[in-house]
Amino acid sequence: MRFTRLTALLLILLITGQAHSALTIEITQGVEGAVPIAVVPFGWTGGAAAPENLSAIIGADLDRSGRFESLPDRDLVAHPTEAAQVQFHNWRMVNVDYLVIGKITPTGAASYDVQFQLLDVFRGKQLIGYSFPTAQSDLRRVAHHISDLIYKEITGERGAFNTQVAYVTSSGSGNKKTYTLLVADSDGYNPQTILTSQQPLMSPSWSPDARRVAYVSFENKTAEIYTQEVGTGARRKLASFKGINGAPAWSPDGRQMALTLSRDGNPEIYVMDIGSGNLRRLTNSASIDTEPAWMPDGRSIVFTSDRGGSAQLYRIPASGGTAQRLTFEGNYNAGADISPDGSKIALVHGEGGRYRIAVYDLETRRMRVLTDGSLDESPSFAPNGSMIIYATDAGNREVLSAVSVDGRFKQRLTLQAGNVREPVWSPFAE
């Protein structure tokens, strides 16, 4: 949320479409030099059609990373399902570096064994190969897991395909406007409704174990913070103090929640012990302090404040103390999200009337603008730090987009109907 809009909302608070379709992903800017890879349709030994097109899921995952370019099915030179069937010289002729093959074998009612192999075409050898027993309902998850294994083997970095994204959609207008908080797979499939309300839902935040989501709900006509189990739907009201209850952020150990409260008059950053509900006030200024984000080591918190005359990022020890200003470039820097390794901050950078996603390097103290929109907001790092998902405007629609941390690869995620905002990428589910 733009800081000026937040200010207006805070003042209002002091005074005072349901979407189930999957997100559609469109790659809007590719990367030169992406690794060429072929993902052959998996063999199927059952009758009729295979229960899931695993090769399509894996190929789409790898393409979405910006690091790979999968060969279209029409250009496949053969359809092997085992390494012994592969004639490597044929694949070298179509300039493929790596080959993925596999098969799905029924083992019972709605249960299967999925086998896959990753082959190095130029060296003519297998790199990895696994077999997974699975139920039909978990086939997409297995495909994402295979994508993660391939990504790790080739790049040396952990893949983030078998993760989720939480986001808020809105549909309708006026008194018939509906807000929905959903959680979906990282590719937009399997959307699960967390909550639907006729009043705004805001600021979703994942717990470190990826099992719970915290969020702000106005369903009782005032801002309240809830936590909710994704798997069971079990829900708990965490904060419902007088005034503002906003911007929840889990600590890295999952035991504390940083949040913005105005219970003592001015919007300030507080830290709550989730188990006991005990509060500790962290900031104390005459300005608006909001949007806390924990550093991965849990020792400090980055937040947005206009105490210097404009919205900028500051860092304060989690135990309390003096806040240090981090950003100076531009007249607006807000909405921080910290990279998993703690080296970078994704933020909304405003200058010249445009609000774009930027990355601030904490070591070099340099900022790099990654997007070219005019109203980009709510950045959130992938759990492996490779991509940033964010909200933006596309014509008269609100959509999600994602950009690689170097700005070279971009994609857009849209709903078939309605608007989608406030994305947050889940941590790895250990």
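Scroll up for the structure.
Procedures and definitions
Residues numbered from 1 in each chain as written. Predicted model: local features only at pLDDT ≥ 70, side-chain atom pairs only at ≥ 80, totals over all residues. Heavy atoms only, no water. Helix = DSSP H or I, 4+ residues; strand = E, 2+ residues; numbered from the N terminus. Rg over C-alpha atoms; globule rule 2.2 N^0.38 Å. Buried < 20%, exposed > 50% of the residue type's maximum accessible area, 1.4 Å probe, protein only. Areas by Shrake-Rupley, 256 points an atom, 1.4 Å probe, with all protein chains shown as cover. Pairing = 2+ DSSP bridges. Phe/Tyr/Trp six-rings, centres within 6.5 Å; stacked < 30°, edge-to-face > 60°. Polar contact = N/O pair within 3.5 Å; in protein donor to acceptor, adjacent residues only side chain to side chain. Contact = heavy atoms within 4.5 Å. Core = buried A, V, L, I, M, F, W, Y, C linked by side-chain atoms within 4.5 Å.

**Student:** Explain the overall build of the chain to me, please; I cannot follow it from the model alone.
**Tutor:** In terms of regular secondary structure, the chain is built from four helices and 31 strands. The C-alpha atoms of the chain give 23 Å as radius of gyration, which agrees with the globular expectation for 430 residues (22 Å, within 12%). By its C-alpha atoms, the chain is 70 × 45 × 40 Å across when sized along the principal axes. Counting the 430 residues in the chain, one finds 52% classified as buried. Here the chain displays about 18,600 Å² of accessible surface, and carbon together with sulfur accounts for 46% of that area.

**Student:** What is the right way to read the pairing of strand 21 (residues 312–317) from this model?
**Tutor:** As judged from the six bridges shared by strand 20 (residues 300–305) and strand 21, these two strands associate in the antiparallel manner. Bridging across to strand 21, Ile301 finds its partner in Ile316. Linking strand 20 to strand 21, which pair antiparallel, is a turn of six residues; within it Gly309 sits at a positive phi near 105°. Here strand 21 pairs with strand 22 (residues 324–325) via two bridges, running antiparallel. Note on strand 22: the bridge partner recorded for Tyr314 is Arg325. Hairpin remark: strand 21 followed by strand 22, antiparallel, with six residues in the connecting loop; positive phi at Gly320, about 105°.

**Student:** Can you help me understand helix 2 (residues 54–64) in this one?
**Tutor:** Counting along an α-helix, one turn takes 3.6 residues, and residues three or four places apart therefore face a common direction. For helix 2, the buried fraction is high: eight of the eleven residues fall into the buried class. Remark: Gly66 follows helix 2 within two positions and exhibits a positive phi of approximately 80°.

**Student:** What should I look at first to understand the packing of aromatic side chains in this one?
**Tutor:** A ring pair, where both rings are aromatic, is described by two values, the distance of the centres and the angle of the planes. Tallied over the entire structure, the rule returns nine aromatic pairs. With a centroid separation of 5.9 Å and 50° between ring planes, the pair formed by Trp44 and Tyr112 is classed as tilted. With Trp44 in strand 3 (residues 43–44) and Tyr112 in strand 6 (residues 111–120), this pair connects stretches of sequence that are 68 residues apart. By relative accessible area, which is 23% here, Trp44 ends up partly exposed. Ring centres of Phe116 and Tyr130 lie 6.1 Å apart, and the angle between their planes is 20°; on these two criteria the pair is classed as stacked. Within this pair, whereas Phe116 is found in strand 6, its partner Tyr130 is found in strand 7 (residues 125–135), the two being separated by 14 residues in sequence.

**Student:** Honestly, the side chain of Asp289 in this entry has me stumped. Any pointers?
**Tutor:** Residue placement: Asp289 occurs in strand 19 (residues 289–294). A polar contact of 2.7 Å, which involves the side chain of Asp289, links it to the side chain of Arg307. Dropping the residues within four chain positions of it, Asp289 is found in contact with Thr260, Pro267, Glu268, Ile269, Thr283, Phe303, Thr304, Ser305 and Arg307.

**Student:** Would you take a moment to explain the nonpolar core for this structure?
**Tutor:** In summary, soluble globular proteins display a tendency toward joint burial of nonpolar side chains. Judged by nonpolar contacts, the single largest core of 25 residues is most densely connected at Phe42, Phe116, Ile146 and Ile150. Every element with two or more residues in this core is listed here: strand 2 (35–39), helix 2, strand 5 (98–108), strand 6, strand 7 and helix 4 (139–155). If near-sequence neighbours (up to four positions away) are discounted, Phe42 is found in contact with Leu54, Ser55, Ile58, Val100, Ile101, Gly102, Lys103, Ile104, Val114, Gln115, Phe116 and Ile146.

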